[in-house]
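Working through the structure, step by step
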Amino acid sequence: MRRIAAGEFTDRLQPLGDREFIALAADFNAMAQRLDELYRDLEAQVRAKSGQLVRSERLASVGYLAAGVAHEINNP
């Protein structure tokens with residue numbers, strides 16, 4: 001449980017003991033699986049948005065450069 005709390009969502013509990021503990025372990029494992037899926041999805045979204053941000057920054061830089069060149073051409 002401590003490893004999962006630390007962000008290691010791939011670890012699972014072994015269903016041992018009485019029926020209640022087995023049910024608790026199954027529910028906990030299902031929750032950990034869902035958290036792992038959400039975490040991976042968020043990481044993918046962050047990677048995609050980071051790539052978009054880099055492209056936007058590059059386009060902004062090119063636009064700034066083009067505006068400076070156009071200004072110098074028009075105002076020698």
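This text follows the structure it describes.
Anyway, here's the lowdown on the structure attached to this text. (Residues numbered from 1 in each chain as written. Predicted model: local features only at pLDDT ≥ 70, side-chain atom pairs only at ≥ 80, totals over all residues. Heavy atoms only, no water.)

Focus on helix α2 (residues 19-74)
For α2, with 56 residues, the first-to-last C-alpha span of 82 Å sits near the 82 Å given by 1.5 Å per residue. Burial in α2 covers these residues: A25, F28, N29, A32 and D36. Check the buried side of α2 and you find it contacts α1 (2-5). (Helix = DSSP H or I, 4+ residues; strand = E, 2+ residues; numbered from the N terminus. Expected span 1.5 Å × (residues − 1). Buried < 20%, exposed > 50% of the residue type's maximum accessible area, 1.4 Å probe, protein only. Contact = heavy atoms within 4.5 Å.)

What to know about the side chain of N29
Mapping N29 onto the fold places it in helix α2. In contact with N29, other than residues within four places in its own chain, are R12 and L13.

Let's talk about the environment of F9
With respect to the secondary-structure elements, F9 resides in the loop between α1 and α2. Taking the relative accessible area as the measure of exposure, F9 reaches 14% and is therefore buried. Sequence separation between F9 and L35 is 26 residues, and the spatial gap between their C-alpha atoms is 6.7 Å.

Overview of the pattern of salt bridges
Using the criterion set out here, one finds three salt bridges in the structure. The residue R34 makes a salt bridge to E37 at a minimum N-O spacing of 3.7 Å. With R34 and E37 both in helix α2 and three residues apart, the pair spans about one turn of that helix. The exposure class of R34 is partly exposed, given its relative accessible area of 47%. The exposure class of E37 is partly exposed, given its relative accessible area of 38%. The shortest N-O distance in the salt bridge between R40 and D36 comes to 3.2 Å. One end of the pair is R40 and the other is D36, both in helix α2 and four residues apart, which spans about a single turn. For D36, a relative accessible area of 10% gives the class buried. (Salt bridge = Lys/Arg side-chain N within 4 Å of Asp/Glu carboxyl O.)

So far we have only geometry, and geometry alone does not tell us how the molecule works.
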